[in-house]
Amino acid sequence: ENNPYAPPCIRGWIPWFGAAFEFGKAPLYFIAQARAKYGPVFTVYAAGKRLTFVTLHEDFRTFFMSKDVDFEQAVQEPVYNTASISKGSFYKFHPACNALIKGRLTPGNTALLVSDLCEEFNQHLELLGDRGSQQLNELVRSVMYPAVISNLLGKCNAPGTPLSRQEFKKKFTIYDEGFEYGSQLPDIFLKEWASSKQWLLSLLVNMVNKAEENTYNESGSKTLLQHLVTTITDKFLPNYGLLMLWASLANAIPITFWALAFILSNPTIYETAMGQITSALKDKDKQKTHLSLDNLQQMPYVKWCIMEAIRLRAPGAVTRRVVRPLRLQNYIIPPGDMLMMSPYWAHRNTKYFPEPEEFKPERWEKADLVKNVFLDGFVAFGGGKNQCPGRWYAIMELHMFVALILYKYEFTLLDPVPNPSPLHLVGTQQPEGPCSVQYRHR
Ligand code: HEM
């Protein structure tokens, strides 16, 4: 309690609630204000928890690599609240689960998923019809949900009728939108959210049963889910499946929305991207557009647009738990503290990203993306041994989706690009307001 080396601690006026109220209103902006006022390392005491923020790039290595901080202990409680996985099970199986996903989604293995994913995207993009208008984020969801489920969990597990796709979209959206509160509160406070979670869990029970019956695909390979079935051997298997499903959709979908919105709202960027897409895909069919890894490599500018959207709308925070006294700057952070790092704010450091608020795809020219090297200071996927194992898949998936949809459809943005909502710390940023588009098949 009276640690003289502890960083400045922010408490609110109401002692018990601490800063929870102020923090909860707009946590993303609270971080920036607190940093300006209290310096690069500070603790927020909120709702009985100590959250210590690490804001200097020079400390990120410690955040990701130190043996005195731990990923599993930081996320165990949220994992229990969102997927009902017991503490014992999580500590037992999480390392193997993480290693599995990492191994299945290396750049090389991701390349093997390209042609199936392309087929899925084609199929679901064509369901949009010749023309229409709708919310851009709804449109992205309706194509990406079934396509990615099919690609990662198996074709037999993707919702196969318009009605079941509609229902999945509805349940998953509720689950995803409530994930942040759901990760902190017991189910009894969140009825609708908890019932969507139960619905999704039963769905995963079915998927797992099928994966246990058919341990291989028609093609003789295994889906990520079929691999998971052999790794998790306790009763929480479907629950791990749900978390994996959430992780594979929750961050990638908002980024797809932003990437499209940024491109469509900027005529020069749009022209450059379209130039590359049309010259790479030339006279390919516009209904069944076969797009290969080579084609993707012919559109580096489109990839820069994806990377730039990820940079600008990066997760609000990633977390670790301090397990032994941790030295940072001139402070000693006590065990038990949650350690927080904000990729969103890290990407607004002008030393690494001049004109940080601008959508400037060209800044990615300096990164050796062909060799899978990002820009210095880029931390959207976290780091260390718990760095996002889906990052190569995410980049490939978004690159392909954006190229395909722009090749097939012409869009008109009917609203200005919305601001990001200041309400969320978990995951990539969500739009604050509506953004509708009109589209027409080319
Ligand atoms: C643009 C899209 C994405 C972003 C920005 C993103 C970001 C992140 C971040 C920041 C973490 C935590 C890392 C840390 O604490 O150091 C994470 C974890 C994770 N991500 Fe992603 N992610 C994306 C897409 C995906 C996709 C497409 C998949 C699956 C195919 C995926 C699977 C996972 C999994 C399974 C974890 C948990 C890892 C663990 O348990 O150790 N992510 N992601």
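For the structure, check the block above.
Residues numbered from 1 in each chain as written. Predicted model: local features only at pLDDT ≥ 70, side-chain atom pairs only at ≥ 80, totals over all residues. Heavy atoms only, no water.

Asker: Account for the site of the ligand, naming residues and giving values.
Answerer: The ligand sits among 27 residues. The nearest are His94, Asn98, Arg320, Asn386 and Cys388. One nitrogen or oxygen atom from the side chain of His94 is found 2.6 Å from an oxygen atom belonging to the ligand. Interatomic distance of 2.8 Å between a side-chain N/O atom of Arg320 and an oxygen atom of the ligand. Mapped by element, the contributors of at least two residues to the shell around the ligand are helix H5 (87-104), helix H13 (237-250), helix H14 (252-264), strand S6 (318-322) and helix H19 (391-408). (Near = heavy atom within 4 Å. Polar contact = N/O pair within 3.5 Å; in protein donor to acceptor, adjacent residues only side chain to side chain. Helix = DSSP H or I, 4+ residues; strand = E, 2+ residues; numbered from the N terminus.)

Asker: Which residues make up the nonpolar core, and what values do they have?
Answerer: Core analysis: the biggest nonpolar cluster contains 134 residues, and Phe121, Met400, Phe401 and Leu406 have the highest contact counts within it. Here this core gets 13 residues from one element, more than from any other, and that element is H19. Inspection of this core shows a minimum of three residues originating in each of domain 1 (1-85 + 317-346) and domain 2 (86-315 + 347-441). Leaving out residues up to four positions away in the same chain, Met400 has contacts with Val114, Leu117, Cys118, Phe121, Leu291 and Leu296. Membership of the second largest hydrophobic core comes to 15 residues, among which are Val318, Leu328, Leu339 and Ala346. (Core = buried A, V, L, I, M, F, W, Y, C linked by side-chain atoms within 4.5 Å. Buried < 20%, exposed > 50% of the residue type's maximum accessible area, 1.4 Å probe, protein only. Domains from an automatic or database assignment. Contact = heavy atoms within 4.5 Å.)

Asker: So what's going on with the coordination of the iron atom of the ligand? Residues and values would help.
Answerer: Among protein atoms, the single one acting as a donor to the iron atom of the ligand is Cys388 (SG), 2.3 Å away. Looking at where Cys388 falls in the secondary structure, it is placed in the loop between helix H18 (343-346) and H19. (Donors = N, O, S within 2.8 Å, 3.2 Å for Na, K, Ca; no water.)

Asker: I'd like a rundown of the packing of aromatic side chains, residues and numbers included.
Answerer: If you walk through the whole model with that rule in mind, you get 26 aromatic pairs. Where Phe179 meets Trp246, the ring centres are 3.7 Å apart and the plane angle is 5°; that geometry is what we call stacked. Highlighted residues: Phe179 in helix H10 (residues 179-182) and Trp246 in helix H13, separated in sequence by 67 residues. Trp246 matches Phe179 in its accessibility class, with the two residues each being buried. Measuring from ring centre to ring centre gives 6.5 Å for Tyr409 and Phe411, while their planes differ by 50°; the resulting arrangement is tilted. Just as Tyr409 is buried, Phe411 falls in that class too. Between the NZ or CZ atom of Lys222 and the centre of the ring of Tyr216, over which it lies, the distance is 5.1 Å. (Phe/Tyr/Trp six-rings, centres within 6.5 Å; stacked < 30°, edge-to-face > 60°. Lys NZ or Arg CZ within 6 Å of the ring centre and 35° of its normal.)

Asker: Describe helix H2 (residues 27-38), listing the residues and the values that go with them.
Answerer: In a regular helix each residue adds 1.5 Å, so 12 residues correspond to 16 Å; H2 covers 16 Å between its end C-alpha atoms and thus fits that length. What H2 keeps buried is the set Pro27, Leu28, Phe30, Ile31 and Ala34. One side of H2 carries all its buried residues, which in axial view fall inside an arc of 160°. In H2, the exposed residues that point more than 90 degrees away from the buried face are Gln33, Ala36 and Lys37. Looking one or two places after H2, you find Gly39, whose phi comes out positive at around 100°. (Expected span 1.5 Å × (residues − 1). Arc of directions from axis to C-beta.)

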